[in-house]
Each structure stands twice: as C-alpha cells, then as structure tokens.
Protein chains: 6
Amino acid sequence: MRPSGRAPDEMRVIDIQTGFTKHAEGSCLISFGDTRVLVTASVEERVPPFLRGKNQGWVTGEYSMLPRATHTRGSREAAKGKQSGRTQEIQRLIGRSLRAVVDMEKLGERQIVLDCDVIQADGGTRTASITGAWVALRLAVNKLMESGQIKEDPIMSKVAAVSCGIYQGTPVLDLDYDEDSNADADANFVLLEGGNIAEAQATAEGATYDEEGLLRLLRLARMGCDQIFAAQEEAVRK
Amino acid sequence: MRPSGRAPDEMRVIDIQTGFTKHAEGSCLISFGDTRVLVTASVEERVPPFLRGKNQGWVTGEYSMLPRATHTRGSREAAKGKQSGRTQEIQRLIGRSLRAVVDMEKLGERQIVLDCDVIQADGGTRTASITGAWVALRLAVNKLMESGQIKEDPIMSKVAAVSCGIYQGTPVLDLDYDEDSNADADANFVLLEGGNIAEAQATAEGATYDEEGLLRLLRLARMGCDQIFAAQEEAVRK
Amino acid sequence: MRPSGRAPDEMRVIDIQTGFTKHAEGSCLISFGDTRVLVTASVEERVPPFLRGKNQGWVTGEYSMLPRATHTRGSREAAKGKQSGRTQEIQRLIGRSLRAVVDMEKLGERQIVLDCDVIQADGGTRTASITGAWVALRLAVNKLMESGQIKEDPIMSKVAAVSCGIYQGTPVLDLDYDEDSNADADANFVLLEGGNIAEAQATAEGATYDEEGLLRLLRLARMGCDQIFAAQEEAVRK
Amino acid sequence: MRPSGRAPDEMRVIDIQTGFTKHAEGSCLISFGDTRVLVTASVEERVPPFLRGKNQGWVTGEYSMLPRATHTRGSREAAKGKQSGRTQEIQRLIGRSLRAVVDMEKLGERQIVLDCDVIQADGGTRTASITGAWVALRLAVNKLMESGQIKEDPIMSKVAAVSCGIYQGTPVLDLDYDEDSNADADANFVLLEGGNIAEAQATAEGATYDEEGLLRLLRLARMGCDQIFAAQEEAVRK
Amino acid sequence: MRPSGRAPDEMRVIDIQTGFTKHAEGSCLISFGDTRVLVTASVEERVPPFLRGKNQGWVTGEYSMLPRATHTRGSREAAKGKQSGRTQEIQRLIGRSLRAVVDMEKLGERQIVLDCDVIQADGGTRTASITGAWVALRLAVNKLMESGQIKEDPIMSKVAAVSCGIYQGTPVLDLDYDEDSNADADANFVLLEGGNIAEAQATAEGATYDEEGLLRLLRLARMGCDQIFAAQEEAVRK
Amino acid sequence: MRPSGRAPDEMRVIDIQTGFTKHAEGSCLISFGDTRVLVTASVEERVPPFLRGKNQGWVTGEYSMLPRATHTRGSREAAKGKQSGRTQEIQRLIGRSLRAVVDMEKLGERQIVLDCDVIQADGGTRTASITGAWVALRLAVNKLMESGQIKEDPIMSKVAAVSCGIYQGTPVLDLDYDEDSNADADANFVLLEGGNIAEAQATAEGATYDEEGLLRLLRLARMGCDQIFAAQEEAVRK
C-alpha cells in the first residue's frame, strides 16, 4: 500500500494555473499534489556568447527551492554563495529537456529562460518543473508569434516529465516525499508526446534493478505522461 | 494625479492569505496591490552563536526577489554567488523591525527565521515583507503557545511598514513602481500599533526636503499603518 | 550625564586634515573626537556601464574598517571574501548622500570614487565618512576646475552628516561608542547647508519613539551640522 | 562506420595500471583508449557529520579534469573559484555508483574518498572514472582487511560503467570524443556484475529515441561491462 | 644617478610614530620616505586550531593596500571577494619573518596578529611592514609583560627588512617606486640584529645576476638594516 | 646522514618523460625521485588584456597538487572555492622563472600557459615544476617554429630550479620530504645555464643563517642545476 492510498499507477492531482505573475511573457503555478512550482518564461533579445551571430536561439532553465519549501528550513543558496550540485544538476536537466523540443533556428536569435522556483516540495519537484516549464514556454512563444516576432512555431512537440520508483517491491508512479525517501529505485523520465524518450535517469537506492524493472518503470511513466500532456493542453487552451 | 488614479492618502488593496504553505510554522501570501510576497516563519530550536546559553531567543529575516518578479528578468543571486547590497540592507531592516516587538526572554532559546520571497514586484516590497512577516510570526508564535512550548506571549505589539514619497510635489502614500521610480523623495516607516516609530528612513531622490516634508510623510504613514494593522488583525483571526 | 561629560547638544571636536595622501586628487583625515577616517577622492575618466555615452558623471563611495579600528580585532573582509551587510549599507549611504549635491551633467563623463577607510572607531564612523567625503570631493573638483577639465562647478551645496540618539531618556548629539552601544534610539541625518534633508534614518533600539522624539533628534542634527559646515569650509579654504 | 574503425559493439582497449601513486591506500591509472584517468582511494578515519556515531561508513567521489586534458585548454576550476555543474553532476554519480556496492556497516565508521583526475580526455571520462574507482576501492579495502581494521568484506559486487550512443543511426558501444560530440543519443550505464542496473542515464541529443532504442543501448552496455569486469578482476589480482 | 638623488647606499628617511591608534595593544605608523604603513598588533587569547593545547603561541601577519595608496586607484580586495596572490605572498612573508624572532613557548597559548595597512605606497611596502610589525609586536609584548601575563621575554632579537636592487647597473639600497619599476633585479632581505638572515628573496627582472651580484645586494641590505635597527630601538624607547 | 642515504651534494634520480599527453603542444612527466609532476604547455593565440596590441607574447604558469599527492589527502582547491596562498606563490614563481628566459617580442602576440599538476609529492614540487615547465615550453616552441608561426627562437637560455637546505647542520642538495620537514633552512634557486640567478629564495626555519651559509647553498644549487640542464637537454633531444 502506498502511504497516500493511491493505486500504483495513479498520479497525484495535477493543477496548472497559468498567468500567475504579470511581468513574465509566460508563467504558471503547477501542482503535482502538494508539490507546487512557480515557473516563468522570460524572453531576452540576446543569446549566450557561444551562439552570437549564428541565427539561432537558446532555451535554458534555472531552479531553486524557497528555503521553507521543505519540512525543515534549508539555507538560502544566495546566502551560502553557491548553488548545490543537486540544484545545478536539475537546472541542466530542465534546459536539456526543453531544448529537445525547440527548433532553435525558428526561435531566432533570442533566449528564453525558464525559472522554476519551488514554493512547496513533496517529491517530484524536477518533474513538475519540466512539465510547467513547457507550459510557460508555450505561452511565451504564443506571444512572440502573435506579435509577429516569430513566423513559424519553433516548438516541435510537448514534453513532460514524471518520476517512478520501486516502493516496497512494487513499481509506482509519481512518488511523493514519503515514498521517495524510502524507495528502492528512483527514476525520472522526460517524454515527448507520442512516447519518445528525451531523457531517462534511473538510480538504484536500496537495491539494484534489472532490465525488466527499468521497462516497467518506463511504461508507468508513459501512462503518467499521457495524463500530463492532457493537463498541459488544457492549461494552454485556457 | 497619481498614475493609478488613487487619492494621495489612499493605500492599495491589501490582501493577506494565511497558511499559504504547509510546512512552515507560520506563513502568508501578502499583496499590496500587484506587489506580492510569500512570507514563511520557521521555528528553529537553536540560536546564533553569540546568544548561546543566554536564555533568550532571536528573530531574523531573509529577503529575495524571484528573478522574474520584475519587469525585466534579474540574475539569480545564488548564481552570481552573492547577495546584493540592497538585499542585505532589506534583510537587516526586516530583522530589526520584528525584533522591535518581541521580548526575547519570553521567546526562549529558539530562533524564528522570517523568509520573505517576492513573487511579483510593483513597489513597496520591503514594507509588504515586514507587514507579512509580522503575520507569519504571530501564527508561528500562536502554535508555540498552543503546544505549551512558550508560556507567555513574547509579541509585545503589532508592527507594520509602509512607504510614502513626494510625487510631483505632493506627498503620497504607498507608492507603486511607477511612482517610486519618479519620486522626489522616498521614505519607509516601520510603525507600532499606537503610533510609535520603530524605524524611519527617508531619502531625497530628485530634490531634498525639509522638516515639514518629513512630518507630512510620517503622518501619511500613520494613516496607512492604521489600515494595515486592521488587515493584520483580520488575517490572524481567521 | 553623558559618559564623556559633554552637554546633550555638544559635538565632539572636529578636525579635518586635508592632503593626507599624495596620490589622491583630494583627501583628508577627518576626526570626530576619537573616530578617525581617511577619505580619498579618486577621479577616473570613465563611468559605470549604465551611464556610458550619456554625457553625465557619477559619484560613488566605498567604506571599510581597518581590522583593529575597534576595541577587539575584526576579521578582514578581503580575507572572508565578502563585504558585510553593514559595510554595503554604509557604502550605499555615502554614495547617495554625495550624489544629492552633485550636478552630474556638469561633472561630465567621469567618475569620482570616495574611499572612506576607518583608522579608529569610536561611534559615528558613517557620519564622519560622509562629512569627510564632501571635503575630499570638493578638493578633487577644485583640481578639475583649475585644470579646465570642468567648466562649471558641479557641486551644488555642502552636505554633512551627524548621528543623534536618545541616551538614558535624553536626546543627545554626536554619539560616541559608549553612548551608541547603550542608546534607546539611534539616528543618522544627512543634511544640506540651509537645512534641507538628504537622508534621515532613525532606528529604535531599546524603546521606540514618537513624532516628537524624531523632531527633537532632527533639530539636534541641524545644530550639529551647522558646526560641521563651518569646519568643512575652513578645511577647504586652507 | 565508426571514425575509429571499431565494430558497433567493440570496446576500446582497456588498461588498468594499479599502484600508480605511493601515498594512496589504493590507486590506478585507467585507460579506455586515449581516455586516461588517475584514481586514488583515500581512507579517512572519520565520517561526514550526518553519519557520526551511527556505526557506518561512507564512500564518496571527486572528479576533475586537468586543464589540458582536452583539445583546447580549459580554465582551472580552482582559479575560477567554483566547480562547474558538469563536474558536480559527475562527482555525485561516482559516489552513488560506488555506494551501491558497499555495505556501510561492514565498512565501519570511516570514509573512503575516490579522487578521479582526468589526465587525458577522449570521451567516456565518467565511465572510466567509475570503473577505475572500483579498482582503487577494492585495493584500499584489501589493505584494511589485511591489517585487520575490517573483519568482513564490505564490497558486495563489482561495479563498472560504460557509455553507449546512437551514432549515425546505429547503436554503438564506448563512444570516443569524435562520436560523442556527434551522437544522436548518449547514455551511461552503471552495471553490477550479474547484470543488475545501479544507474541508467540516457539523453537524446539530436533525436529522441524509443523504448526499443533504450533497450538496445542497455544490451550493448551489458556486453561492454562484461569485458570491463574481466579487466577489473585481472587488475586487482596482480 | 638615482631619481631621488640619493647615494647608492643611502636609505630614505625612516620615521616611526608609535601609539598611532588607541585600541591596539601595539601600533605604529612607519614611513620609509613617502611609503607609509599603519601597523597594529592585536593580542588574542586563543591560537589557531593546529596549535590548541600545545602550550605555545602564534604570530601571524595580514597586509592590505588602501585602494588609493597608489598612483591610480586599485579595486578593493574585499569588493572583488578575494585577496591577490601578491597580497597573500606578502602576508606569508610578514608572518614568517616575525615568527623567526619569537619563542612561541614563552609567548604562551595566545596569538598576536600584525595588521599592516598601506596608507601610501612608494616602493618597499613589504619591508616597511615587517620593520613596523616588529615595533608593534615589541610594544604589545611589553604590555603583556608589564601586566604579568608573560613572564619571560619571548622576543629573541630585532628583525627588520629592506629592499635592494640593481638600478641602471648599480646596486642600490631601499628602492622607491621609480627605481623599483625599472630595476634589473629586485631583492628583499629580512635580517636579524647581528646580521643573520631570516629570509632572502632576489628576483631578476630585466637581467639575471650572478653570485657576486647577490652578495653585493646582501651587503647593502646589512648596512640599511643597521640604520633600521637603530630607528626601531629609538621608537620603542620613547 | 641523510634519511635517504644520499651524499650531501647528491641529487635524486631525475627522469623526464616527454609527450605524456597527446593534446598539449608540449608536455612531460618529470620526476625528482618520488616527486612527480605532469607539465603541459598550451599555446593560445591571445594575450592577457594588458598586452593587447603590443606585439609581444606572454608566458604564465599554474600549479596544483592532486588531492592525494601527499601522505594524507588534502582538500581540493576547486571544492574550497579558492587557491591557497602557497599555490599562488608557487604559480607566480613558475611564471616569473620562465619569463626570465623568453624574448616576448620574438614569441609574438600569443600566450603559453604552463600547467604543473603534482601527481605525487616528496619534496621539491616547485623546483620540479619549473624544470619540467622549461621542457614543455621548449617542445611547444619547437612546434611553433617548425610550423613557421615563429621565425626566431624566443628562448634565450635553459632555466632550472633546485632546492637546498641546512639539514642537521649540513648543507644538502635536493631535499626530499623527510628532510624538508625538518630542515633549519630551506632555499630554492632558479638558475640559468651558465650560472646566473633568476631567483633566489632562502628562508630560515629553525635557525637563521649567515652570508656564508647562503653562499654554500647557492654553490650546491649550481652543482645540482648542471645535472638538471643535462637531463633537460637529453629530454628535448629525444
């Protein structure tokens, strides 16, 4: 039995509230159950130095937890003077995941920064971030297309992410904190609409797993992402 | 005429949503118009080194802007590796303001950290932070009293803050961003219920001002704070 | 009775020794009693990036305490790798105070940096810094005018600063360390010749204060600044 | 055709030179073709703070590239003052991978640090690091068992890592730099002797891939790791 | 001919003003011509971690240039967030030089920190720092002996430093900035009263030098230090 | 008797293995007994800002110890976020030493960076670094001359370094760790072929020394460097 009483293949309630802040070109407050992340998409009319003059754009992500997003307060990274390895790893994953679905030439020589700030954490903050980042990106690109700054849609597909794991011997979908901190294996899948994989990361915690285990986690992730794609669709339609 | 159409002594709408996050001992999302700050109060059963073994507590504040709280995206301080002078100045002000109304011996040897994270900025983020911090602190202390960890209420008074300024020659209350960036003088007052001053900071921007000017700003601040005290009262009653 | 035996409205002896270092375009060693600050004004023929090409200049300040300026040795900020919040707050105040009396267009596209290094501290280091910074600035600008690099005097007024506070219930002027560390309220006023206010900062320490208290402090500050303006005048005349 | 002329399932030559440095409790210089990594295992009779007094040990990894390990010189991270996100991500992976095969209670309250310094890079530096780290760890633990400091062998299994990718449409094993920089997908597998998975990370670069693609990469990795386990065995036997 | 008109073996005027600041246990403002350094000695009743419980003391030095000590303003190291290699090299030299004449057991388990802050630079700041540091140390130790905290004098000898160099083919003593920036070789000698060497550092700048050259520089340094020892003696006698 | 059984004027075995890494323009693994340093020379077609447009080149050095080069593991400077004073002092010495033998105009507007990474330490790492850096530099310059990028040889002489010290009252050559940590005096000489001195640094550790002592150390260094020059010659001939 899962601590939350959910079935093994049952997602938490997904809620996506778009337009949460007024300044960003795209934004949403995304919830996977009690995990809540504020994502903003900022369009900047410049690209990183290594891309200057190459007629292509860039998409990147940043990630942070508010100090009291968690059970006990964590130190502020700005006060400590550096970002943790975990933060940097997640930022790199967010950027790669979104870049997997964007045609950089169609985007043009501009950059979109996806800021993912975790307001409340209950497991799955990186997957909620990626999922919400796609929504914020979609809204920001819509605005660029409406204003005529972009001619052809640079977004090639939806992208979403979900965590899976082996909890007390059973593969389960969308782990919350109680499960995550006790899982034998922990995986994050970033999938494209249609089912292709942008990124798969699976780590043994207590026990290692075999090929069959990896496949079962992947199949759960597919089921979860189908629901997430529907939630993304509904959010950007509003 | 003020850009917002408000009367010179008219505050923006104040909204205080308590219990915004589930982990913190006290929390609220406070809005002064379009300025929105998430404040959490975290109780820690330890004190800073300089207070160890002295039978008294400590209250401190931290402050940050989310990168896209503003019109154009700002760099993340955690990525730059240090907090700006402005951030540190505001953090120090938040801490001093709240400590002005807390009896540290009654609080006992524990620390309460007030994290103020600006979700959206439209002028007055430091005053909204102080105001919301009192609410979060009140809720956290209530919890400590209910559980019997604290016997006597260590909070001696309400404390609230508001900005005033001289805009196109007229003293006005609770400046929004449009006014703030064009004001001749800019002041922040931190007041106690009853009208005493915890902190007064007034800076000439375009033109300097005289004693009479300072007094007019202080009187506006008193009017504003009376409304804020009422909003605080209502928020903690809920 | 004040620990120093001074009357409530009595300043410490002010001494300003100009030309203390040979390289700086302007310099002085300023003393308010036992508080001694070395101030240098450095003229640089460039402006910060945000002002480039705008035909205006900039004035900024930096502040530091020598490690053993105080009763017990403090760590060197360069060794710790960052400036404290207090240091940054004071630097920002010095810059704002001096900019309040300079016409940036008349200064032309150049920067003047005012370095305030506290040799010995006995209360009031920030007010001595601002006061001495005006003298160093005046000397540096005189040199620019003599050489013909500046045509019209960009300095619009004298500016000076002094601290006041409520010590054992009595408002007193120009606090030394003994008073400062025991005062109920602590205020710093930056005033222009003629009496206008460039900056007012008043903080309750032990007890809060009311409007009347604020006014009494401001009036003491005016009296003190009149003496300081005379000392500045004499110093730059030499 | 692969640039190196290798068959799709052909590993580069693996060479493991043990005892490369005299001070470390275990060490080796491991080569996967032109990729060369110096790995040392350092035994420290203390554990990180979060494990103190818990009667268990810890295994952790650190990773660095010498500045001229690559085609063009990279800046030294010590000179830049911080480790890149990539470095931290790899360090975390090395630590997790080795911890997956160590029984921390049998290790006892001590820490083993695995330092992986890349002398020359030609693709696959992280997989060579993990593979060599197991050898250095095995040698260090042997020494602890010989001296009687450890009674029961805490190492539960061999662990090795290899990269795979899709290069010009074909799944290939053990990518060198030329392939790695042009691959459509890039995966790193950390496997246990027997075939179980400790960690799987697969990233789409140019094109995404499907479940079948993921499985083909995993099977190549298994083939590669079987050869690596043999090389590890031979190295520690010497 | 030397730019200053001095004879090759002629020192600049040495001036040592003791008791320059009131808080430090020992202090002086030392001048070698236009080079002026403020040195303070701070006695701390603790030792660095590596010496705790060993019944011996420690002497260490810190060094800094005020930003406008030089012809053009340099950035403040505290603002840059790190000390330069030059600063650290000089600090290490100051500490080593003073430790060469102190019996750490007689000093007892306490630390004396020698802060050398350059007020004005005209060549030879490190040698003036070492020379002045001995004076400040002597005064601080005298105070400890007078108060009975130290029984036996831990200072075994005077120590002083001077620079020499080869300027336009001629060995010269006590280089000023004009000479220093054009010298073919540049040496710093730290000598003990009696003539023994604590430290010798000689660097070829334009041209290398031979054994004879090194000896001639050393002999000049001896002559210079004899005058410096006399100045130190006179300063501490006052 | 020396711990190693060597005669007072006996060097350790010197071994220089050129071409140790394939990417660098010049490289070697140099050993002085058990001290082993990997040196690479990287040619960059740019110069530091202060030399731009001056038709001359630059040579600089960087130095680092691998964490377990020593008896007990040291922290990684990249993880600590800054380079130690010792590291910076050695880097500066390496750069100065090599620049002493290079004609910067003949080098042309390019920079050569000499990275010295200590693989294993047993005393004398800085002198081995300088000696090996000359070999790597020679090889890199040879390549530039062969390709015609440089017309005239910019290297004016060989340069090498060796340590000497006073061990149990006897001057000895090329100290290993056991001697170095117990020596009364410790000196490093950087000499040019022919015997001229580029740099001499001699420090008293336990006891100070006199002129005669300094000369005896210098003469030992000359003997040692003659052997080192021969080893350099042989290495670059291969």
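Refer to the structure presented above.
Nothing here was measured: the structure is a model prediction, and the numbers come from that model. (Residues numbered from 1 in each chain as written. Chains lettered and ligands numbered in written order. Predicted model: local features only at pLDDT ≥ 70, side-chain atom pairs only at ≥ 80, totals over all residues. Heavy atoms only, no water.)

Some remarks on the overall build of chain A
Line of reasoning, step 1. When helices and strands are counted, chain A shows 6 helices and 9 strands.
Line of reasoning, step 2. For a compact globule of 238 residues, the expected C-alpha radius of gyration is about 18 Å, and chain A comes in at 18 Å, within 12% of that figure.
Line of reasoning, step 3. Expressed as lengths along the three principal axes of its C-alpha atoms, the size of chain A is roughly 50 × 45 × 35 Å.
Line of reasoning, step 4. Sorting the 238 residues of chain A into buried and exposed places 62% on the buried side.
Line of reasoning, step 5. Relative to all contacts within chain A whose residues are 6 or more apart in sequence, the contacts with residues 24 or more apart total 70%.
Line of reasoning, step 6. With an accessible surface of roughly 8,800 Å², chain A has 44% of that area assigned to carbon and sulfur atoms.
Line of reasoning, step 7. Averaged over its 29 positive side-chain charges, chain A has a centre that lies 6 Å from the centre of its 35 negative ones. (Helix = DSSP H or I, 4+ residues; strand = E, 2+ residues; numbered from the N terminus. Rg over C-alpha atoms; globule rule 2.2 N^0.38 Å. Buried < 20%, exposed > 50% of the residue type's maximum accessible area, 1.4 Å probe, protein only. Contact = heavy atoms within 4.5 Å. Areas by Shrake-Rupley, 256 points an atom, 1.4 Å probe, with all protein chains shown as cover. Lys, Arg positive; Asp, Glu negative; His and termini not counted. Charge placed at Lys NZ, Arg CZ, Asp CG, Glu CD.)

Re the pattern of salt bridges
Line of reasoning, step 1. Scanning the model with the defined rule gives 144 salt bridges over all chains in all.
Line of reasoning, step 2. For D115 of chain C, the salt bridge is made with R76 of chain E, and the minimal N-O distance between the two is 2.6 Å. Of the two residues, D115 of chain C sits in strand β5 (residues 111-120) while R76 of chain E sits in the loop between β4 (58-65) and α1 (77-80), which places them in two different chains. When sorted by exposure, D115 of chain C lands in the same class as R76 of chain E, which is buried. (Salt bridge = Lys/Arg side-chain N within 4 Å of Asp/Glu carboxyl O.)

Topic: the side chain of R12 of chain A
Residue and element names in this part refer to chain A.
Line of reasoning, step 1. Position of R12 among the secondary structure elements: in the segment before β1 (14-18).
Line of reasoning, step 2. With relative accessibility at 9%, the residue R12 sits in the buried group.
Line of reasoning, step 3. Residue contacts for R12: discarding those within four places in its chain leaves R6, F32, G33, D34, T35, D122, G123, G124, D174, L175 and D176.

Some words on the interface of chain F and chain D
A common way to state how big an interface is: give the accessible area lost once the parts meet.
Line of reasoning, step 1. Between chain F and chain D, the residue contacts involve 39 residues of the former and 39 residues of the latter.
Line of reasoning, step 2. Between chain F and chain D, roughly 3,000 Å² of surface is buried when both sides are summed, and carbon and sulfur atoms account for 49% of that area.
Line of reasoning, step 3. Three residues, H23, R68 and R76 of chain F, lead the burial of chain F against chain D; their summed loss comes to 26% of the area buried on that side.
Line of reasoning, step 4. A salt bridge links R73 of chain F to E62 of chain D, with the shortest nitrogen-to-oxygen separation between them at 3.3 Å. (Buried area = accessible area lost by both parts, 1.4 Å probe.)

Things to note about the interface of chain A and chain B
Line of reasoning, step 1. Counting from both sides, the interface comprises 39 residues of chain A and, opposite them, 39 residues of chain B.
Line of reasoning, step 2. Taken over both partners, the interface formed by chain A and chain B buries close to 3,000 Å², and the fraction arising from carbon and sulfur atoms is 49%.
Line of reasoning, step 3. Looking at the side of chain A facing chain B, the largest losses of area belong to H23, R68 and R76 of chain A, adding up to 25% of the total buried there.
Line of reasoning, step 4. For the pair chain A and chain B, the number of links is 14 salt bridges.
Line of reasoning, step 5. At the boundary of chain A with chain B, the tally comes to 26 residue pairs in polar contact (both at pLDDT 80 or more).
Line of reasoning, step 6. Of all the secondary structure elements, the ones that give two or more residues to the side of chain A that touches chain B are β3 (35-44), β4 (58-65), α1 (77-80) and β5 (111-120) of chain A.
Line of reasoning, step 7. Among the elements that line the side of chain A that touches chain B, the one with the most residues is β3 of chain A, at 7 residues.
Line of reasoning, step 8. For the side of chain A that touches chain B, the class distribution of residues is 15 nonpolar, 10 polar and 14 charged. (Polar contact = N/O pair within 3.5 Å; in protein donor to acceptor, adjacent residues only side chain to side chain. Nonpolar A, V, L, I, M, F, W, Y, C, P; charged D, E, K, R; others polar.)

Some points on the packing of aromatic side chains
Line of reasoning, step 1. Using the criterion set out here, one finds 6 aromatic pairs over all chains in the structure.
Line of reasoning, step 2. With centroids separated by 5.2 Å and ring planes inclined at 90°, the aromatic side chains of F50 of chain F and W58 of chain F adopt a geometry described as edge-to-face.
Line of reasoning, step 3. Between R36 of chain A and the ring centre of F20 of chain B, over which it is positioned, the NZ or CZ distance is 4.9 Å. (Phe/Tyr/Trp six-rings, centres within 6.5 Å; stacked < 30°, edge-to-face > 60°. Lys NZ or Arg CZ within 6 Å of the ring centre and 35° of its normal.)

Digging into the relation of the copies chain F and chain D
Line of reasoning, step 1. Superposing chain F onto chain D takes a rotation of 180° plus a shift of 0.0 Å along the axis, which leaves an RMSD of 0.0 Å. Such a turn and shift between the copies fits a two-fold axis.
Line of reasoning, step 2. When the interface residues of chain F are mapped onto chain D, 100% of them are again interface residues, pointing to one common binding face. (Least-squares fit on C-alpha atoms with pLDDT ≥ 70 in both.)

Focus: helix α2 (residues 85-99) of chain A
Each α-helix winds once per 3.6 residues, and so residues spaced three or four apart point in a common direction.
Line of reasoning, step 1. Helix length check: α2 of chain A, at 15 residues, gives a terminal C-alpha distance of 21 Å against a target of 21 Å (1.5 Å per residue), a fit within 8%.
Line of reasoning, step 2. Among the 15 residues of α2 of chain A, 11 are classified as buried, and the element is accordingly described as predominantly covered. (Expected span 1.5 Å × (residues − 1).)

Comments concerning the state of the cysteines
Line of reasoning, step 1. This structure, assessed with the given rule, holds 0 disulfides over all chains.
Line of reasoning, step 2. Not part of a disulfide, C116 of chain B finds its nearest cysteine sulfur in C28 of chain B, a span of 8.5 Å.
Line of reasoning, step 3. Take C116 of chain B: its relative accessible area is 0%, and that puts it in the buried class.
Line of reasoning, step 4. Free cysteine: C164 of chain E, not disulfide-bonded; nearest cysteine sulfur from C225 of chain E at 7.9 Å. (Disulfide = S-S within 2.5 Å.)

A look at the side chain of E77 of chain B
Line of reasoning, step 1. Inspection of the secondary structure puts E77 of chain B in helix α1 (residues 77-80).
Line of reasoning, step 2. Although E77 of chain B is buried, it forms no salt bridge, and the closest oppositely charged side chain is K80 of chain B at an N-O distance of 5.4 Å.
Line of reasoning, step 3. With sequence-adjacent residues up to four places away left out, E77 of chain B is seen in contact with A78 of chain A together with K82, Q83, S84 and T87 of chain B.

Details of the relation of the copies chain A and chain B
Line of reasoning, step 1. In the superposition of chain A on chain B (RMSD 0.0 Å, axial shift 0.0 Å), the rotation amounts to 180°.
Line of reasoning, step 2. Of the residues that chain A buries at the interface, 100% are likewise interface residues in chain B, meaning the two copies contact each other through the same surface.

Focus on the arrangement of the chains
Line of reasoning, step 1. Spatially, chain C and chain D are disjoint, and the shortest separation between their C-alpha atoms is 11 Å.
Line of reasoning, step 2. Structurally, chain B and chain F remain out of contact, their C-alpha atoms never closer than 11 Å.

With respect to the packing of helix α6 (residues 211-237) of chain B against helix α6 (residues 211-237) of chain C
Line of reasoning, step 1. In the contact formed by α6 of chain B and α6 of chain C, the axes pass within 12 Å of each other and the chain directions differ by 160°. Taken together, the axes of α6 of chain B and α6 of chain C lie roughly antiparallel to each other. Note that α6 of chain B runs across α6 of chain C; the crossing there is right-handed. Residue-level contacts link E211, L214, L215, L218, R219 and R222 of chain B of α6 of chain B to E211, L214, L215, L218, R219 and R222 of chain C of α6 of chain C.
Line of reasoning, step 2. Here the contact of α6 of chain B with α6 of chain C is built from residues that sort into 6 nonpolar, no polar and 6 charged. (Axes fitted to C-alpha atoms, helices over the stretch in contact; angles between N-to-C directions. Parallel < 35°, antiparallel > 145°, perpendicular 65-115°, else oblique. Left-handed = near helix turned anticlockwise from the far one by under 90°.)

Let's talk about the sheet that holds strand β2 (residues 26-32) of chain C
All names here are of chain C.
Line of reasoning, step 1. Reading across from one edge, β1-β2-β3-β5-β4 is the order of the 5 strands in this open sheet, with mixed pairing throughout. Across the chains shown, the open sheet's two edge strands, defined by having one partner strand only, are β1 (14-18) and β4 (58-65). Adjacent strand axes in the sheet meet at a mean angle of 20° when their direction is disregarded.
Line of reasoning, step 2. For β2 and strand β3 (residues 35-44), the ladder comprises 7 bridges, and the chain directions are antiparallel. Bridging from a neighbouring strand, C28 pairs with V39 of β3.
Line of reasoning, step 3. Sheet strands in contact with helix α4 (residues 125-146) are β1, β2, β3, β4 and β5, and its direction is about 35° off that of β3.
Line of reasoning, step 4. The sheet strands contacting α6 are β1 and β2, and the helix crosses β1 at an angle near 25°. (Pairing = 2+ DSSP bridges.)

Some thoughts on the sheet that holds strand β4 (residues 58-65) of chain F
Residue and element names in this part refer to chain F.
Line of reasoning, step 1. Taken in spatial order, the 5 strands line up as β1-β2-β3-β5-β4 in an open sheet, and their pairing is mixed. The strands lining the two open edges of the sheet, one partner per strand, are β1 (14-18) and β4. With direction set aside, neighbouring strand axes in the sheet form an average angle of 20°.
Line of reasoning, step 2. Each of β1 and β2 (26-32) touches helix α6 (residues 211-237); the most contacted strand, β1, lies at about 25° to it.

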